[in-house]
Amino acid sequence: KLQKLASVDALTGLWNRRSMWEYIRAVEYDYEIGNAGFVSIAIADIDFFKRINDTYGHDWGDQYIRQAGRCFADYTPKDTLCARISGDEFHLLFYGYESQDEIRKVLTKLREQLHQQSIPLPDGKVLHLSISGGIAWYPEDGTQLDILKKYADFAMYQIKHSRKGALGEFDLGSYNQEAYSAQARLDLHRLIENEMLSYHFQPIVSARTGQIVAYEALMRSMLPTLKSPDTIMKLAREENCLHDIERITMFKATEAYLSLQERGLIRGTELLFVNSIASQHMTDEENQEYCRRFAAMQKQIVVEITEEEMLDPASLEVKRGTPGFPGTFALDDYGSGYSSEKNLLELSPKYIKIDLSIIRGIDTDPDKQQIVANIVAYAHPRKMLIIAEGLETPEEIHKVLELDVDLLQGFCLARPAAIPGSVHSDALDVIYDFYHLQ
């Protein structure tokens, strides 16, 4: 009697956690001597259990658990290990079958029987039993039953968050993707906590003289697992860390620029374009600290707002009102979003950066040429300057010069670098020839 009490779950009469793992160890021994056949671990979880407990009380929750336990005991073969592990979680071990399809038939029958069960509730409603589960297979998914248990649990988690009341088989691809995503989130928080971001600088060149008049600071990660700025921004959005990225970028990009200036690696009179998240702004305390440390630099700062982010009027006003900031904005990626004209009117930028999707191949595309011509016609009477970004060929440079853009940026002129280099001679030749051979 004592041994049975120690092995059985009091509420359902099924095996408990302790007896289940003793049984699993015996099955693993059978594997070693080749007598196990096909094996599957299933983990099942009662749907809506918390709602029953919260609405009707724990006695009704216990009835719900008992009903599930009876189904597992009645509608699985007698040699199936059925155990209640804790709360509303059940484990099932199918052992000694000749094929996976045999086990699938048992699971299908069990699922059909579960859906037919119901219990009356105190308010007269009838609750149908709903159970979500995950299944993992030996040896396809793993050769250790504790690993299979983890995989079955993952499969159940996927089902619970997609279509309750179903049984899902483990998928290694989804598991690896989830594991990668979880690691990436941990890496993001480590990156932010330790400010593991550096900044490269890409020259922005005068279309009239070929002289470098500004640098854009471009984010680079020090973590090998988070190399792409797009990935960092996506994760930061999901993890509510955009403000941290905004703060780190403003401070570290400016620090890196000043370091180049102090070492004589740039003139130091160039403007600094710093990417800013349209929906974010620094706090008053952060703005005060920024002003204290970089007061002499503030007149050279151009806050670059990307078209990909929704423009937030409140954040924009905070940025405009930052002490010492001259209010110089650039609208980045113009033409790539859905609200280009609206953003242009709200931001009233000094600089408009035409998106590379419009600039790329512009020398052979009359429609793209017309778009740029229209933007120039709008901007110049309003004292706005046009930057053609993403330039990759001399032919593209020549065409945007014909269209009267003001500033040039792209690999054809200079690539981003921690220590920015000079403008490529081929690009300078195009600019020189355009203005001197007309």
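Here, every reference points to the structure presented above.
Values in this document were obtained by computation on a predicted structure and should not be read as measured data.

Conventions used here
Residues numbered from 1 in each chain as written. Predicted model: local features only at pLDDT ≥ 70, side-chain atom pairs only at ≥ 80, totals over all residues. Heavy atoms only, no water. Helix = DSSP H or I, 4+ residues; strand = E, 2+ residues; numbered from the N terminus. Rg over C-alpha atoms; globule rule 2.2 N^0.38 Å. Buried < 20%, exposed > 50% of the residue type's maximum accessible area, 1.4 Å probe, protein only. Contact = heavy atoms within 4.5 Å. Areas by Shrake-Rupley, 256 points an atom, 1.4 Å probe, with all protein chains shown as cover. Lys, Arg positive; Asp, Glu negative; His and termini not counted. Charge placed at Lys NZ, Arg CZ, Asp CG, Glu CD. Expected span 1.5 Å × (residues − 1). Arc of directions from axis to C-beta. Pairing = 2+ DSSP bridges. Core = buried A, V, L, I, M, F, W, Y, C linked by side-chain atoms within 4.5 Å. Axes fitted to C-alpha atoms, helices over the stretch in contact; angles between N-to-C directions. Parallel < 35°, antiparallel > 145°, perpendicular 65-115°, else oblique. Nonpolar A, V, L, I, M, F, W, Y, C, P; charged D, E, K, R; others polar.

1. Remarks on the overall build of the protein chain
Working step 1: Secondary structure assignment for the protein chain yields 16 helices and 15 strands.
Working step 2: For 438 residues, the compact-globule estimate of 2.2 N^0.38 gives 22 Å, and the protein chain exceeds it by more than 25% at 32 Å.
Working step 3: Judged by the C-alpha coordinates and their principal axes, the protein chain covers about 100 × 50 × 45 Å.
Working step 4: Looking at the protein chain as a whole, 50% of its 438 residues are labelled buried.
Working step 5: In the protein chain, of all internal contacts separated by at least 6 residues, the share reaching a separation of at least 24 is 67%.
Working step 6: Carbon and sulfur atoms provide 51% of the accessible area of the protein chain, an area that totals close to 21700 Å².
Working step 7: Computed over 46 positive and 66 negative side-chain charges, the inter-centroid distance for the protein chain is 5 Å.

2. Comments concerning helix α14 (residues 366-379)
Working step 1: Between its first and last C-alpha atoms α14 spans 20 Å; for 14 residues at 1.5 Å apiece the expected length is 20 Å, and the two agree.
Working step 2: Considered for burial, the residues of α14 that qualify are Gln369, Val372, Ile375, Val376 and Ala379. When α14 is viewed along its axis, its buried side chains cluster within an angular range of 125 degrees and face the same direction. Among the exposed residues of α14, those oriented more than 90 degrees off its buried face are Pro366, Asp367 and Ala377.
Working step 3: Contacts made by the buried residues of α14 are with β12 (329-334), β13 (351-354), α13 (356-359), β14 (385-388) and α15 (394-402).

3. Quick word on the side chain of Asp47
Working step 1: As for its position among the elements, Asp47 is in the loop between β1 (38-46) and α3 (49-56).
Working step 2: A relative accessible area of 0% means that Asp47 is categorised as buried.
Working step 3: The contacts of Asp47, once residues within four sequence positions are left out, are Tyr64, Ser130, Ile131, Ser132, Lys160, Lys164 and Gly165.

4. Things to note about the sheet that holds strand β10 (residues 271-276)
Working step 1: Taken in spatial order, the eight strands of this closed barrel run β8-β9-β10-β11-β12-β13-β14-β15, and their pairing is mixed.
Working step 2: Pairing analysis gives three bridges linking β12 to β13, with the strands arranged parallel. Bridge assignment links Leu331 to a residue of β13, and that residue is Ile352.

5. Some remarks on the pairing of β1
Working step 1: The buried fraction of β1 amounts to eight of the nine residues, a majority that puts the element mostly inside the structure.
Working step 2: Bridge analysis of β1 against strand β3 (residues 89-97) gives seven bridges, and the strand direction is antiparallel. Each bridged residue has a counterpart across the sheet, and for Ala44 the counterpart in β3 is Phe90.
Working step 3: Two strands pair when backbone bridges link them, and β1 and strand β6 (residues 131-138) are joined in this way by eight bridges, in the antiparallel orientation. The residue of β6 that forms the bridge with Ile41 is Ala136.

6. Thoughts on the nonpolar core
Working step 1: Of all hydrophobic cores here, the largest spans 76 residues; its most connected members are Ile245, Val372, Ile397 and Leu408.
Working step 2: Broken down by element, this core gets its largest block of residues, nine residues, from helix α9 (residues 242-262).
Working step 3: Discounting chain neighbours no more than four positions away, the residues touching Ile245 are Ile192, Leu197, Met219, Ile232, Met233, Ala236 and Ile277.
Working step 4: Counting 28 residues, the second-largest nonpolar core is a separate cluster that includes Ala44, Ile46, Cys71 and Cys82.

7. Things to note about the packing of helix α6 (residues 145-160) against helix α7 (residues 172-193)
Working step 1: One can describe the packing of α6 onto α7 by two numbers: an axis separation of 11 Å at closest approach and a directional angle of 85 degrees. In terms of their interaxial angle, α6 and α7 are classed as roughly perpendicular. In this structure, α6 contributes Lys150, Tyr151, Phe154 and Gln158 to the contact, and α7 contributes Ser174, Tyr175 and Glu178.
Working step 2: Per-class residue counts for the contact of α6 with α7 are three nonpolar, two polar and two charged.

8. Remarks on the sheet that holds β6
Working step 1: With mixed pairing, the five strands of this open sheet are ordered in space as β2-β3-β1-β6-β7. Two strands close off the open sheet at either side, each with one partner strand: β2 (81-86) and β7 (167-169). Averaged over all pairs of adjacent strands, the angle between their axes in this sheet comes to 20 degrees, without regard to strand direction.
Working step 2: The strands touched by helix α5 (residues 100-116) are β1, β3, β6 and β7; relative to β3, the strand with the most contacts, the crossing angle is about 145 degrees.

9. Remarks on the pairing of β13
Working step 1: Residues Tyr351 and Lys353 line one face of β13 and the alternating positions Ile352 and Ile354 line the opposite face, and both faces are buried.
Working step 2: Examined bridge by bridge, β13 and β14 share four bridges and lie parallel to one another. The residue bridging Ile354 from the neighbouring strand is Ala388, located in β14.

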